[in-house]
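# Structural features, examined
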Amino acid sequence: FAIHGDLSPTNIIVQPTGDITILDFSAAKTGTRYHDIAHLFLHLHFGASRLPIRRRFLRLVQRALLAEFDAAASAEEPAFKLMLLQHCACHFAFLAEQSSAPGRLASQRLGRLWRRLMPLWTPDLVAS
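The sections below set out a description of the structure shown in this document. (Residues numbered from 1 in each chain as written. Predicted model: local features only at pLDDT ≥ 70, side-chain atom pairs only at ≥ 80, totals over all residues. Heavy atoms only, no water.)

### Concerning unusual backbone geometry
This is how it is decided: Helical segments are the DSSP runs of H or I of at least four residues, strand segments are the runs of E of at least two, and each set is numbered from the N terminus.
Not every positive phi belongs to a glycine, and Asp24 is a case in point at roughly 60°. Position of Asp24 among the secondary structure elements: in the loop between strand E3 (20–22) and strand E4 (29–30).

### Overview of the layout of surface pockets
Stated precisely, the cut-off is as follows: Buried and open spaces are told apart on a 1 Å grid over the protein atoms alone, a cavity being a set of points where a 1.4 Å probe fits but cannot get out and a pocket being an open set with protein on both sides within 12 Å along at least five of seven lines. Residues with an atom within 4 Å of a point are the lining residues. Grid points are joined across faces, edges and corners, and a volume is the space filled by probe spheres set on the points. Amino acid classes used here: Ala, Val, Leu, Ile, Met, Phe, Trp, Tyr, Cys and Pro are nonpolar; Asp, Glu, Lys and Arg are charged; the rest, including Gly, are polar.
In this structure, the largest pocket occupies an estimated 430 Å³ of space. Surrounding the largest pocket, 19 residues form its lining, Leu7, Ile12, Ile37, Leu40 and Leu65 being those nearest its centre. Listed by contribution, the elements that provide at least two residues to the lining of the largest pocket are strand E1 (2–3), strand E2 (12–14), E3, helix H1 (35–50) and helix H2 (55–69). When grouped by side-chain class, the residues that make up the lining of the largest pocket number 15 nonpolar, one polar and three charged.

### What about the packing of aromatic side chains?
Note the threshold: Classification of ring pairs rests on two measures: the distance between centres of Phe, Tyr or Trp rings, Trp counted by its six-membered ring, which must be within 6.5 Å, and the angle between planes, read as stacked under 30 degrees, edge-to-face over 60 and tilted in between. Three labels apply to residues, based on accessible area from a 1.4 Å probe with only protein chains included: buried if under 20% of the type maximum, exposed if over 50%, partly exposed otherwise in between.
On inspection of all chains with the given rule, the structure shows three aromatic pairs. Ring geometry for Tyr34 and Phe69: centres 5.6 Å apart, planes at 45°, overall tilted. On the criterion of sequence distance, the pair formed by Tyr34 in the loop between E4 and H1 and Phe69 in helix H2 is long-range, its members being 35 residues apart. Under the relative-accessibility criterion, Tyr34 is labelled buried at 4%. Relative to Phe80, the ring of Phe41 has its centre 5.1 Å away and its plane inclined at 85°; by these criteria the two rings are edge-to-face. With Phe41 in helix H1 and Phe80 in helix H3 (residues 78–98), the pair connects residues that are 39 residues apart, well separated along the chain. Here Phe41 and Phe80 have matching classes, each one buried. Put simply, the rings of Tyr34, Phe41, Phe69 and Phe80 pair up and form one aromatic cluster.

### Some details on the pattern of salt bridges
Rules: What makes a salt bridge here is a side-chain nitrogen of Lys or Arg within 4 Å of a carboxyl oxygen of Asp or Glu, nothing more.
Across all of its chains, the model carries one salt bridge by this definition. Linking Arg33 and Asp70 is a salt bridge whose minimum nitrogen-to-oxygen distance equals 2.2 Å. Note that Arg33 is positioned in the loop between E4 and H1 and Asp70 in the loop between H2 and H3, a separation of 37 residues in sequence. On the basis of relative accessibility, which here comes to 23%, the residue Asp70 falls in the partly exposed class.

### Quick look at the nonpolar core
Quick note on the threshold: Think of a nonpolar core as a cluster: buried Ala, Val, Leu, Ile, Met, Phe, Trp, Tyr and Cys residues, connected wherever their side-chain atoms sit within 4.5 Å. Every residue pair with non-hydrogen atoms within 4.5 Å of one another is taken to be in contact.
Among the nonpolar cores identified, the biggest contains 21 residues, and Leu66 and Phe80 are the most heavily contacted of them. Those elements that place two or more of their residues in this core are H1, H2, H3 and helix H4 (103–117). Broken down by element, this core gets its largest block of residues, eight residues, from H1. Once residues within four sequence positions are removed from consideration, Phe80 is found in contact with Tyr34, Ile37, Ala38, Phe41, Leu66, Ser74 and Ala75.

### Describing a nonpolar patch on the surface
Operational definition: Only residues whose relative accessible area exceeds 30% and that form no salt bridge are eligible for patches; like-charged ones are grouped when within 9 Å, while nonpolar side chains (Val, Leu, Ile, Met, Phe, Trp, Tyr) are grouped when within 5 Å. Per-residue accessibility takes into account occlusion by the displayed protein chains alone, with areas from the Shrake-Rupley method and a 1.4 Å probe.
Nonpolar side chains collect at one region of the surface, where Val14, Ile20, Ile22 and Phe25 lie side by side and expose about 390 Å² of accessible area between them. Locating Val14 in the fold gives a position in strand E2.

These figures come from the coordinates and say nothing about function on their own.
Okay, here's the thing in structure tokens:
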């Protein structure tokens, strides 16, 4: 499959008319069916964890995103969860490498990130 490679909210422009423009194809390559959708799903999850007021709204967006991608798609599908886990592991490793904080502080920051990621594996992820 042809994939964008870095699909995130910062690479999507939605016009008032509803037209959508995707930017930054510098990471475009081939990959799995769920690569881009899982990456965008993860970024929406990060947005929901940073903005509690918008958590319910962003979960509705996640559910709509999956439904538009494929009416039969589910956040519980093993292939989707595997791709989501791969994105989480990459994000986690990137932050660990980039951390300029001393060992204990870096460990605390990564622990907070891990606690934010754990809800992605609960059965009711997009049900609420």
